[in-house]
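# Notes for the structure review
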Amino acid sequence: MREVEVARVEEAVRRLFLKMNCHMLPDVRTSLEKAREEEVSELGRSVLEDLLQNARIAADEEVPLCQDCGMAVVFLEVGQEVAFTGGSLREAVDGGVRRAYAEGCLRKSVVCDPLFDRKNSGDNTPAIVHFDVVPGDKVRLLATAKGMGSENMSALAMMRAADGPEGVRDFVVETVRRGGANACPPIIVGVGIGGNFETAPLLAKKALLRPLGVRNGDVRYARLEGELLERINGLGIGPAGYGGTTTVLAVQVEFAATHIAGMPVAVNICCHACRHGEIVL
Amino acid sequence: MKEAKRIEAPFGEELARSLRSGERVLLSGTIYTARDAAHRRLVEALERGESPIPLKDQVIYYAGPAPASPGKVIGSIGPTTSGRMDPFTVTLLEKGLRAMIGKGTRSQAVLQAMSDRGAVYFGATGGAAALLARCVRACRIVAYDDLGPEAIRRLEVIDLPLVVAADAWGGDLYREGPPRFRREI
Ligand code: SF4
């Protein structure tokens, strides 16, 4: 067994959230720069320029890119030969989030009770944590600060196999058409196909964590990504929703095995403030 | 692109009616932040005949800032999704609210009340929160301190870059903009 102090996990979580909230990912920047060159709408180009300038200011001043510093989501892939020492792993993750959001002057946006009192927890915890046990003796942390504005525009459909690729395309495009303007476009669209009622959204979220522009390894799904990109940009929603040719920066699809009787499809939308990072311990 | 029009808040109906959807403006003056929880409380207060902030001719910014880092007036502050405030907005417009700043589409009821009363809805670039914070010169919590980021703040702003998203004549950029660039595939 390899021993790993949970304090190291806490520190990794802290570092990830501090960095991702203030520094735009290089792939997102490159993609926004390309969009600024290609956007047809003049107003749209000025919105894209604002976003790039915003990223420069955030990095220079070490302030958050967006005031909604998101809900902390952490995927923990734990090697089965790892033994954690020094306390609770779950509490270490929350500890890292608590410290990052306090030290970085990041906004705390979590309420403890969703329906009745909706009181702010005050430290952006609890984080949403997904654990996975994998072979080996490493611990991989994949974290994202997910804004709610775009999360709210996401959707899940329990489709039929008979709906086919055309049905999937229509559902994804329709989801963006309905809510895209509210999700701070240009957006990134994560699509999860297959699994179950709970796995499809997880696949969609994981799809958002892939570097932009890296296509699915299966050519059929890669083609689907390309078709969806074309059709969504054809909606004309544009930067900030004011009209334009750049609505989506990337469409990323993940798939998994499913039941003979079903085809769950989840669409998870992420705004241009696409904040994530990875550390392997 | 036409140069942005400079305007000063608070302002009256005449100025509001002179603005058209799609136009860029630079807003200076005094505005108030209020988002979800503050709207609920504000409307409850109005029902009791009270109001913690003036509404006539005022501008409300749908925003909850990040905490200010040391030496700063305010943390990053971009708009939140306006549609969530729709259920409360008609009441505020009836009390004289002149303008709102946010992001995203509004309900038909809100757009109608805006035309009836000569009010305007500005879009601020969603996610450009660090850039927008630079326009804020002063910030003071004036109500609902316990709501943290959702407290009502009075802001003094200079040249806040906005776009007229919906005007007092039924013009709505979110509805009119996309068809100009639509390509059916
Ligand atoms: S959707 Fe994204 S960019 Fe827009 S306000 Fe939320 S976190 Fe910020």
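Please refer to the structure higher up on the page.
This write-up is about the structure you can find in this document.

## Re helix H2 (residues 36–47) of chain B
Residues and elements named next belong to chain B. An ideal rise of 1.5 Å per residue puts 16 Å on twelve residues; H2 measures up with 17 Å between its terminal C-alpha atoms. Burial in H2 covers these residues: Ala38, His39, Leu42, Val43, Ala45 and Leu46. The arc that holds the buried residues of H2, viewed along the axis, is 160°, so those residues lie on one side. Buried residues belonging to H2 abut strand S3 (59–61), helix H3 (86–94) and strand S7 (152–166). The first or second residue beyond H2 is Gly49, which carries a positive phi of 85°.

## Thoughts on the interface of chain B and chain A
Chain B puts 40 residues into the contact, and the matching count from chain A is 42 residues. Per-residue buried area on chain B facing chain A is highest for Met1, Leu131 and Phe181 of chain B; these three make up 18% of the total on that side. One can count two salt bridges joining chain B with chain A. The partner of Lys72 of chain B in a salt bridge is Glu61 of chain A, with the nearest N and O atoms 3.2 Å apart. Applying the counting criterion to the chain B and chain A interface returns 16 residue pairs in polar contact (both at pLDDT 80 or more). Contributing elements (two or more residues each) for the side of chain B that touches chain A: helix H5 (129–133) and helix H6 (173–176) of chain B. For the side of chain B that touches chain A, the element with the highest residue contribution is H5 of chain B, accounting for three residues.

## Some points on the site of the ligand
In the vicinity of the ligand lie 13 residues, with Cys66, Ser150, Cys184, Cys271 and Arg275 of chain A positioned nearest. Looking at what sits near the ligand, you find residues from chains A and B. A per-class count over the shell around the ligand returns four nonpolar, six polar and three charged. Here the shell around the ligand gathers at least three residues from each of two domains, domain 1 (2–21 + 65–146) and domain 2 (149–275) of chain A.

## Quick notes on the packing of aromatic side chains
All chains considered together, the criterion is met by five aromatic pairs over all chains. Measuring from centroid to centroid gives 5.8 Å for Tyr242 of chain A and Tyr174 of chain B, while their planes differ by 45°, and the two rings are tilted. In this pair, Tyr242 of chain A is assigned in the loop between helix H8 (219–233) and strand S8 (248–258) and Tyr174 of chain B in helix H6, connecting two distinct chains. One exposure class covers both Tyr242 of chain A and Tyr174 of chain B, and it is buried. Ring centres of Tyr121 of chain B and Tyr174 of chain B lie 6.4 Å apart, and the angle between their planes is 35°; this geometry places the pair in the tilted category. Of this pair, Tyr121 of chain B sits in strand S5 (residues 120–123) while Tyr174 of chain B sits in helix H6, placing them 53 residues apart in sequence. The buried category is assigned to Tyr174 of chain B, whose relative accessible area is 8%. A connected cluster of aromatic rings, assembled from ring pairs, spans Tyr242 of chain A together with Tyr121 and Tyr174 of chain B.

## What to know about the side chain of Arg35 of chain B
Here Arg35 of chain B lies in the loop between strand S2 (24–33) and H2. Residue Arg35 of chain B is classed as buried on the basis of its relative accessible area of 12%. Ignoring sequence-local partners within four residues, the contact set of Arg35 of chain B consists of Arg107 of chain A together with Ala63, Gly64, Thr80, Arg84, Met85 and Glu150 of chain B.

## Here we look at the pattern of salt bridges
It is possible for side chains bearing opposite charge to pair when their charged atoms get close. Tallying each qualifying case throughout the model produces 40 salt bridges over all chains. Between Arg35 of chain B and Glu150 of chain B there is a salt bridge, and its shortest N-O distance comes to 3.8 Å. Placement of Arg35 of chain B in the loop between S2 and H2 and of Glu150 of chain B in the loop between strand S6 (136–143) and S7 is noted, with a sequence separation of 115 residues between them. Within the structure, one salt-bridge network assembled from shared partners comprises Glu10, Glu11, Arg14, Arg99 and Glu103 of chain A.

## Some points on the environment of Pro70 of chain B
Looking at the secondary structure, you find Pro70 of chain B in the loop between S3 and H3. Measuring from C-alpha to C-alpha, the distance between Pro70 of chain B and Ile141 of chain B comes to 17 Å, with 71 residues separating the pair along the chain.

## What about the layout of surface pockets?
As a volume, the largest pocket reaches approximately 1300 Å³. Forming the walls of the largest pocket are 46 residues, and the residues nearest its centre are Ser109, Val111 and Arg118 of chain A together with Arg35 and Glu150 of chain B. Those elements that provide at least two residues to the lining of the largest pocket are helix H5 (148–151) of chain A together with H2 of chain B. Top contributing element to the lining of the largest pocket by residue count: H2 of chain B, with five residues. By residue class, the composition of the lining of the largest pocket is 18 nonpolar, eleven polar and 17 charged. Mapping the lining of the largest pocket onto the domain boundaries places at least three of its residues in each of domain 1 (2–21 + 65–146) and domain 2 (149–275) of chain A.

## Some points on unusual backbone geometry
Here the amide bond leading from Pro185 of chain A into Pro186 of chain A is cis, since omega sits at 5°, within 30 degrees of zero. As for its placement among the helices and strands, Pro186 of chain A is situated in the loop between helix H6 (164–179) and strand S7 (187–195). For the bond from Ala9 of chain B to Pro10 of chain B, the omega torsion is -5°, close enough to zero to count as cis. For Asn124 of chain A, which is not a glycine, the phi torsion comes out positive at approximately 65°. Here Asn124 of chain A is to be found in the loop between helix H4 (89–103) and strand S4 (128–134). According to the relative accessible area criterion, Asn124 of chain A is buried, its value standing at 0%.

Calculation criteria
Residues numbered from 1 in each chain as written. Chains lettered and ligands numbered in written order. Predicted model: local features only at pLDDT ≥ 70, side-chain atom pairs only at ≥ 80, totals over all residues. Heavy atoms only, no water. Helix = DSSP H or I, 4+ residues; strand = E, 2+ residues; numbered from the N terminus. Expected span 1.5 Å × (residues − 1). Buried < 20%, exposed > 50% of the residue type's maximum accessible area, 1.4 Å probe, protein only. Arc of directions from axis to C-beta. Contact = heavy atoms within 4.5 Å. Buried area = accessible area lost by both parts, 1.4 Å probe. Salt bridge = Lys/Arg side-chain N within 4 Å of Asp/Glu carboxyl O. Polar contact = N/O pair within 3.5 Å; in protein donor to acceptor, adjacent residues only side chain to side chain. Near = heavy atom within 4 Å. Nonpolar A, V, L, I, M, F, W, Y, C, P; charged D, E, K, R; others polar. Domains from an automatic or database assignment. Phe/Tyr/Trp six-rings, centres within 6.5 Å; stacked < 30°, edge-to-face > 60°. 1 Å grid on protein atoms, 1.4 Å probe; cavity = no way out; pocket = protein on both sides within 12 Å on 5 of 7 lines; lining within 4 Å. Points joined across faces, edges and corners; volume = space filled by probe spheres on them.

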